[in-house]
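The chain contents come next:
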Amino acid sequence: MPTITISEAHQHIGQQVTLQGWLYNKRSSGKILFLQIRDGSGVIQAVLGVSDNPDLFEKASQLPRETSFIVHGRLKEDHRSSIGCELLLEDLEILHQPTEDFPIELKEQTPGFLMDHRHLWIRTGRQVPVLRIRDAAFRAFREFFYQRGFVATEAPILTGTSVEGTTTLFELDYFGVPAYLGQSGQLYLEATAMALGRVYWIGPAFRAEKSKTRKHVTEFWIAEAEMAFYDHKANLELQEDLVRFIVTTVIEEKAAELKELERDVDLLRREVAEPFAHIDYGEAVTLLQELGHEVSFGDDFGAPQEAALGDHFKRPVFIERFPVEMKPFYMKRDPSDPSRVLAADLIAPEGYGEIIGGSQRVDSEADLVAQLKQAGLAVEPYQWYVDLRKYGSVPHSGFGMGLARVITWITGVSHIREVIPFPRQINRLYP
Ligand code: 4AD
Ligand code: MG
């Protein structure tokens, strides 16, 4: 009898098989027992009539949810099942029977309770398809760059300087000197791009951000790329190709999971079918004012403004050319208007907010030193970064994507905490 996973069951219809898993749920009519069995790869219904095997019926009827076991039976075709078959139960060996009721019920529970039990919550309901989609999104991100000949690299997590402003740094004691958890690998990727040409990485990023929104966590995996000889325009073209590739690949590979989540896949497909929208920051301010928002030139857009832009364009939109004062020290100024930077934020539709921040980087040593000073930063700790402009500086660009935000958009879930196995928020360090 082969031991198989539930995802392989449809290939074994008519055969006797062994499955290893957990009892997800059960119901009984008194005469027929239905066990929902999960193994991580899927859920299958096992069926047993009381007259088929009264002892087994009695034993299986007593099992609490999340009992772990090995089951044997024959697979029978069943067109009503989403996996195309069910198991006619013949035998069951218990591995471990819970001594207390499983705390996660298969009905609504409060988000606070669910988050307190995140280690158990992830076994249930939408959490499983969401985390499988997360895997596919990570794979698609890497596949995109692999296909284009980029070199995968890494940036350190322990750093001596800030990249995205000093207000969101997690500081720690590094053998007597202050160190910070990395906010972004960008500065290191710029150096690596001067060695390898086109590079990317995906790794942890930390922001001591006091935001309690549905888009912010204090730890997330940032997906970044840096390209020598790319200008602002080429940078945006690459971002657009990347986002479209991730969305369409996940739609194709994870159709069953998206269906389980009841995601409107046609809408998602339409959103990335057309070229993405572009709007100048100043024009975005005017548009938002026309739409009734109280914003002025120089303001950061909040969630309502980002949602309004998404609703207006109904597809991802690049907001381009921000005022210098709104952005970090490393961005290149627009030669046609030095009060603006050659940067863009990419806003996802349906209110999912900013998914990418990117820019062309300042490439002259004098400009960089001046911009560091304007940002109130000491030049010395950044001298290694300034050096990149000393020895064969080239135009270059890059970007950073919050992959968790992209996954939130793809899955259509309402909060970023649901797409991260163990999210870190300002009030949450456990489990
Ligand atoms: O816009 P950000 O801050 O840009 C940078 O870090 C650049 N150094 C990236 C680069 O050019 N290489 O962050 C990039 C993206 C944002 O667009 C957002 O999607 C995500 O990272 N992000 C967060 N995601 C979840 N929680 C947070 N607190 C986030 N902060 C940023
Ligand atoms: Mg940003």
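Residues numbered from 1 in each chain as written. Chains lettered and ligands numbered in written order. Predicted model: local features only at pLDDT ≥ 70, side-chain atom pairs only at ≥ 80, totals over all residues. Heavy atoms only, no water.

1. Some remarks on the domain arrangement of the protein
- Along its sequence, the protein is organised into domain 1 (6-96) and domain 2 (119-419).
- A straight line from the C-alpha centre of domain 1 to that of domain 2 covers 45 Å.
- Of the roughly 400 Å² buried at the junction of domain 1 and domain 2 (both faces included), carbon and sulfur atoms supply 38%.
- Our enumeration of links across domain 1 and domain 2 arrives at one salt bridge.
- Glu66 is paired through a salt bridge with Arg123; the nearest N and O atoms lie 2.8 Å apart.
- At the boundary of domain 1 and domain 2, one finds three residue pairs in polar contact (both at pLDDT 80 or more).
- For the side of domain 1 that touches domain 2, the per-class residue count stands at two nonpolar, two polar and three charged. (Domains from an automatic or database assignment. Buried area = accessible area lost by both parts, 1.4 Å probe. Salt bridge = Lys/Arg side-chain N within 4 Å of Asp/Glu carboxyl O. Polar contact = N/O pair within 3.5 Å; in protein donor to acceptor, adjacent residues only side chain to side chain. Nonpolar A, V, L, I, M, F, W, Y, C, P; charged D, E, K, R; others polar.)

2. Side note on the side chain of Asp363
- With respect to the helices, strands and loops of the structure, Asp363 is situated in the loop between β18 (353-360) and α11 (365-374).
- Among the polar contacts made by the side chain of Asp363, one reaches the side chain of Lys332 at a distance of 3.3 Å.
- Leaving out residues up to four positions away in the same chain, Asp363 has contacts with Lys332, Arg389, Ser393, Val394 and Pro395. (Helix = DSSP H or I, 4+ residues; strand = E, 2+ residues; numbered from the N terminus. Contact = heavy atoms within 4.5 Å.)

3. Quick notes on the sheet that holds strand β19 (residues 396-402)
- A sheet is described by the order of its strands in space; here eight strands give the open sequence β7-β11-β12-β19-β18-β17-β14-β13, paired in mixed fashion. Only two strands of the sheet have a single partner each, and these edge strands are β7 (151-152) and β13 (277-280).
- In this sheet, strand β12 (residues 219-228) lies alongside strand β11 (residues 198-206) in antiparallel orientation, the contact comprising nine bridges. Bridge pairing in β12 links Trp201 to Glu224.
- Across the face of the sheet, helix α6 (residues 232-253) comes into contact with β12, β13, β14 (317-320), β17 (343-348), β18 and β19 while running at roughly 30 degrees to β19.
- Strand contacts of helix α9 (residues 281-290): β13 and β14, with the helix running at about 90 degrees to β13, the strand carrying the most contacts. (Pairing = 2+ DSSP bridges. Axes fitted to C-alpha atoms, helices over the stretch in contact; angles between N-to-C directions.)

4. Quick look at the site of ligand 1
- Among the 22 residues in the neighbourhood of ligand 1, the closest are listed as Glu164, Gln186, Arg207, Glu224 and Glu354.
- Measuring from an oxygen atom of ligand 1, one finds a backbone N or O atom of Gly357 at 3.4 Å.
- One of the backbone N or O atoms of Gly402 is found 3.2 Å from an oxygen atom in ligand 1.
- When ligand 1 is considered free in solution it has 630 Å² of accessible area, and contact with the protein chains removes 94% of it.
- Among the elements of the structure, β12, β18 and β19 are those that each provide at least two residues to the shell around ligand 1.
- The element best represented in the shell around ligand 1 is β18, accounting for four residues. (Near = heavy atom within 4 Å. Areas by Shrake-Rupley, 256 points an atom, 1.4 Å probe, with all protein chains shown as cover.)

5. Observations regarding the packing of aromatic side chains
- Enumeration over the complete set of coordinates arrives at 17 aromatic pairs.
- Ring geometry for Tyr188 versus Trp384: centroids 4.9 Å apart, planes at 20 degrees, classification stacked. Of this pair, Tyr188 sits in helix α5 (residues 186-196) while Trp384 sits in helix α12 (residues 383-387), and the two are 196 residues apart along the sequence.
- On the basis of relative accessible area, Trp384 is assigned to the partly exposed category, the value being 30%.
- With a centroid separation of 5.4 Å and 15 degrees between ring planes, the pair formed by Tyr281 and Phe301 is classed as stacked. One end of the pair, Tyr281, is in helix α9; the other, Phe301, is in the loop between α9 and α10 (303-313), and 20 residues separate them in sequence.
- Among the residues examined, Tyr281 registers a relative accessible area of 0% and is labelled buried.
- Members of the aromatic cluster, connected to one another through ring pairs, are Phe141, Phe144, Phe145, Phe150, Tyr200 and Phe245.
- Lying across the ring of Phe34, Arg27 places its NZ or CZ 4.3 Å from the centre. (Phe/Tyr/Trp six-rings, centres within 6.5 Å; stacked < 30°, edge-to-face > 60°. Buried < 20%, exposed > 50% of the residue type's maximum accessible area, 1.4 Å probe, protein only. Lys NZ or Arg CZ within 6 Å of the ring centre and 35° of its normal.)

6. Brief notes about unusual backbone geometry
- Between Tyr430 and the following residue, Pro431, the backbone shows a cis peptide bond with an omega angle of -10 degrees.
- Among the structural elements, Pro431 can be located in the segment after α13 (403-411).
- The phi torsion at Glu66 lies on the positive side, around 75 degrees, for a residue other than glycine.
- Despite not being glycine, Glu350 has its phi angle at roughly 60 degrees, a positive value.
- Looking at the secondary structure, you find Glu350 in the loop between β17 and β18.

7. Quick notes on the nonpolar core
- Formed by 58 residues in total, the largest nonpolar core has its most connected members in Phe141, Phe145, Ile246, Met401 and Trp409.
- No other element matches helix α4 (residues 127-147), which puts nine residues into this core.
- Those residues in contact with Phe145 that sit more than four places away from it in its chain are Phe150, Tyr200, Ala225, Leu238, Leu242 and Phe399.
- Ranked by size, the runner-up nonpolar core spans 35 residues in total, among them Leu187, Tyr281, Ala308 and Leu377. (Core = buried A, V, L, I, M, F, W, Y, C linked by side-chain atoms within 4.5 Å.)

8. Some details on α13
- Most of α13 is tucked away, with nine of its nine residues classed as buried.
- Among the residues of α13, Leu403, Ala404, Arg405, Val406, Ile407, Thr408, Trp409, Ile410 and Thr411 are the ones counted as buried.
- Remark: Gly412 follows α13 within two positions and exhibits a positive phi of approximately 75 degrees.

9. Structural notes on α9
- All buried positions along α9 are accounted for by Tyr281, Gly282, Ala284, Val285, Leu287 and Leu288.
- Its side-chain oxygen 2.8 Å from the backbone nitrogen of Gly282, Asp280 forms the N-cap of α9.
- A positive backbone phi angle near 95 degrees is found at Gly292, which sits one or two residues after α9.

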